[in-house]
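Listed here are the chains, written in short residue letters.
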Amino acid sequence: MAGRRAGVADLCGPRLLNPDRPPADLKAALVRQARALGFDGVGVTAPDAIGEAGRHFRDFLEAGGHGDMDWLAAHPERRTDPRVLWPGVRAIIMLGVNYGPDEDPLALLAKRGCGAISAYAQGDDYHDVVKKRLKALGRWLAAASGAEVKVFVDTAAVMEKPLAQAAGLGWQGKHTNLVSREFGSWLFLGAIFSAAELPPDAPEHDHCGSCNACQEICPTAAFPAPYRLDARRCISYLTIENKGPIPREFRKAIGNRIYGCDDCLAVCPWNKFAQQGREAKLAARAELRAPALADLARLDDAAFRALFAKSPVKRIGRDRFVRNVLIAIGNAEDASLAPEAERLLDDASPLVRGAAVWALSQLADRKRFEVLAAKAVAGETDEDVRAEWRQTSVVMPRESGASSTPRHPG
Ligand code: B12
Ligand code: SF4
Ligand code: SF4
């Protein structure tokens, strides 16, 4: 589709549109504008530059690596080829915003009584912050080039990492995320598709070498091979995307991670060049740096929404969040947290009740646990929660409800 020029003449101030402007000039001005708007990385690539990434993406879907993320599997033809998503695209501008944390995210994992929220989610939602800047830059580019633009961050069918690599922002490391020589693992990505021709940048090359640190640190062995992730095993997926109970096999490994995971990112040696993010809205809020699990377990819906206003955490809702908190409580090795789990055995959400059963089975002494089980099991109608009780070796009463006294078979 040819560039659209309508509306440009209505702009106030000096005319930006110069149809005779050489593409290299336009690009230099674009880079300056991107920096002025607060982007830390900017590069341009052609829409057909992602090489093998499309094939790898299809392999990933075929192996079921996306789990329940059906939205990721929808329209693979669009995701793997920007020209299908928008036939008018001539150049793709990839942008990065540095969110380098001011503390080592791994340090929090030892504080078992606190919840670890991943670095990207301790401040305001990056979608909002990045989208605002992308829109501003997109408007500028449309005015300066007279060509149509489309703006994307995260939620659209765009393969942001391979495009960012093609645009020279960094390379997809063995942990599958983009690593930057300037900012390490800590860049948010966004894309602007433009109908204007712009000279592309050189792609970045792989600098992982013989390093294997991210593969070795992963608590759930989520990498079947370097450069490949099985999202179904990734704590980020399990605590954020997964709507149901967290599979038992991963609960211990999750430790106190209650929203996302930073381990493979944080261990990357390229972070020695990383710098602290400069956007105040993305900086960690004091109350989300190391929140006490005991406090988080008491959040009702209203308190959850108030605490996580403008935060990405809000997206998963109170029940899924408290589910995660209960897994962390079960891993805290602190019996003083048992009453928090005990209180939630009566929660209105089966997801929460089920996680409370598990947490309690890890913390409460067996006698107390069986007393509680006797009380709770008889009235439990949800099949998932009943399954949780069963798996703690509590014998379920008959469906008729004749006997409600559970007993431990051993
Ligand atoms: C789905 C998704 C997830 C899923 C799946 C993650 C994944 N690695 O794909 C889950 C929920 C697990 C997730 C987690 C996280 N995510 Co996420 N996620 C996305 C999303 C929406 C799509 C990514 C995608 O297409 N995945 C599908 C797979 C197939 O893609 P892939 O990993 O790129 O696959 C490549 C490799 O496997 C490789 N490959 C495969 N086989 C082979 C074989 C060989 C030989 C080679 C060389 C390569 C190779 O090629 C594939 C194609 O490039 C993007 C936003 C976007 N629109 O791009 C954000 C995005 C990738 N996420 C992001 C972030 C920050 C995270 C977390 C760090 C959050 C957290 N702290 O918890 C974690 C990191 C986990 C990890 N190690 O990847 C950022 C990453 C920024 C960056 N610098 O790279 C993005 C770009 C969002 C953004 N706009 O900033 N995420
Ligand atoms: S984010 Fe955590 S669980 Fe997911 S791959 Fe990285 S280290 Fe593994
Ligand atoms: S930790 Fe090592 S292997 Fe993993 S992305 Fe960083 S440099 Fe590459």
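Note that the coordinates shown come from a computational prediction; the quantities given were computed from them, not determined experimentally.

K.L.:
Before we go on, may I ask you to explain helix H18 (residues 366-377) in this structure?
P.N.:
Since the α-helix advances by 3.6 residues per turn, residues separated by three or four positions end up pointing in the same direction. Taking 1.5 Å per residue, 12 residues should reach 16 Å; H18 reaches 15 Å between its end C-alpha atoms and fits that length. Turning to H18, its buried residues number three or more, namely Phe369, Leu372, Ala373, Ala376 and Val377. Viewed along the axis of H18, the buried residues span an arc of 115°, placing them on a single side of the element. Along H18, exposed side chains directed more than 90 degrees from the buried face belong to Lys367 and Val371. Taken together, the buried residues of H18 touch helix H16 (338-343), helix H17 (350-363) and helix H19 (383-391).

K.L.:
Is there a simple way to think about the site of ligand 3 in this case?
P.N.:
The local shell around ligand 3 holds 13 residues, among which Gly173, Cys208, Cys211, Cys214 and Cys268 are the closest. Residues that form the shell around ligand 3 fall into these classes: 9 nonpolar, 3 polar and 1 charged. Built from parts of two domains, the shell around ligand 3 gets at least three residues from each of domain 1 (10-101 + 125-194) and domain 2 (213-275 + 284-391).

K.L.:
Please explain the packing of H17 against H19 as it appears in this structure.
P.N.:
Working note: a packed helix pair is described by the angle between its axes plus the distance between those axes. Direction vectors running N to C along H17 and H19 enclose 5°, while the axes themselves pass 9 Å from each other. One way to sum up the angle between H17 and H19 is to call them roughly parallel. Where H17 abuts H19, its residues Pro350, Arg353, Gly354, Val357 and Trp358 lie against Asp384, Val385, Glu388 and Trp389. Looking at the contact of H17 with H19 residue by residue, the class counts come to 5 nonpolar, 1 polar and 3 charged.

K.L.:
Please explain the sheet that holds strand E2 (residues 91-98) as it appears in this structure.
P.N.:
Picture the strands of a sheet paired through backbone hydrogen bonds; they go either parallel or antiparallel. If you trace the 4 strands from one edge of the open sheet to the other, you get E1-E2-E7-E4, paired in antiparallel fashion. In the strand order of this sheet, the two ends are held by strand E1 (41-45) and strand E4 (149-152), each with one partner. Direction aside, the axes of adjacent strands within the sheet are offset by 20° on average. The strands touched by helix H6 (residues 126-145) are E2, E4 and strand E7 (187-194); relative to E7, the strand with the most contacts, the crossing angle is about 30°.

K.L.:
Please explain H6 as it appears in this structure.
P.N.:
With 20 residues, H6 extends 27 Å between its outermost C-alpha atoms, agreeing within 8% with the 28 Å of an ideal straight helix rising 1.5 Å per residue. Within H6 the residues assigned to the buried category are Tyr126, Val129, Val130, Leu134, Leu137, Gly138, Leu141, Ala142, Ala144 and Ser145. Contacts from the buried residues of H6 go to helix H1 (23-36), E2, E4 and E7.

K.L.:
Would you take a moment to explain the pairing of E1 for this structure?
P.N.:
A regular strand places its side chains so that they alternate between the two faces of the sheet. The element E1 is largely enclosed, with a buried count of 5 among its 5 residues. Neither face of E1 is open: one carries Gly41, Gly43 and Thr45, the other Val42 and Val44, and all of them are buried.

K.L.:
Please clarify how unusual backbone geometry should be interpreted in this entry.
P.N.:
If a residue is not glycine, its phi is most likely negative; likewise, a peptide bond is most likely trans. Unusually for a residue other than glycine, histidine 75 sits at a positive phi of about 50°. Mapping histidine 75 onto the fold places it in the loop between helix H3 (70-73) and helix H4 (76-79). We note that glutamate 333 has phi near 50°; this positive angle belongs to a residue other than glycine. Its place among the elements puts glutamate 333 in the loop between helix H15 (317-330) and H16.

K.L.:
I keep staring at the site of ligand 1 and nothing clicks. Help me out?
P.N.:
Near ligand 1 there are 37 residues, and of these His56, Glu160, Asn177, Ser236 and Gly260 occur at the shortest range. Elements that contribute at least two residues to the shell around ligand 1 include exactly helix H2 (53-62), helix H7 (160-166), E7, helix H9 (235-241) and helix H11 (263-266). Residue classes in the shell around ligand 1 are distributed as 23 nonpolar, 8 polar and 6 charged. Looking at which domains feed residues into the shell around ligand 1, each of domain 1 (10-101 + 125-194) and domain 2 (213-275 + 284-391) gives three or more.

Definitions and limits used
Residues numbered from 1 in each chain as written. Chains lettered and ligands numbered in written order. Predicted model: local features only at pLDDT ≥ 70, side-chain atom pairs only at ≥ 80, totals over all residues. Helix = DSSP H or I, 4+ residues; strand = E, 2+ residues; numbered from the N terminus. Expected span 1.5 Å × (residues − 1). Buried ≥ 20, exposed ≤ 12 C-beta atoms within 10 Å, placed from the backbone. Arc of directions from axis to C-beta. Contact = placed C-beta atoms within 7 Å. Near = placed C-beta within 6 Å. Nonpolar A, V, L, I, M, F, W, Y, C, P; charged D, E, K, R; others polar. Domains from an automatic or database assignment. Axes fitted to C-alpha atoms, helices over the stretch in contact; angles between N-to-C directions. Parallel < 35°, antiparallel > 145°, perpendicular 65-115°, else oblique. Pairing = 2+ DSSP bridges.

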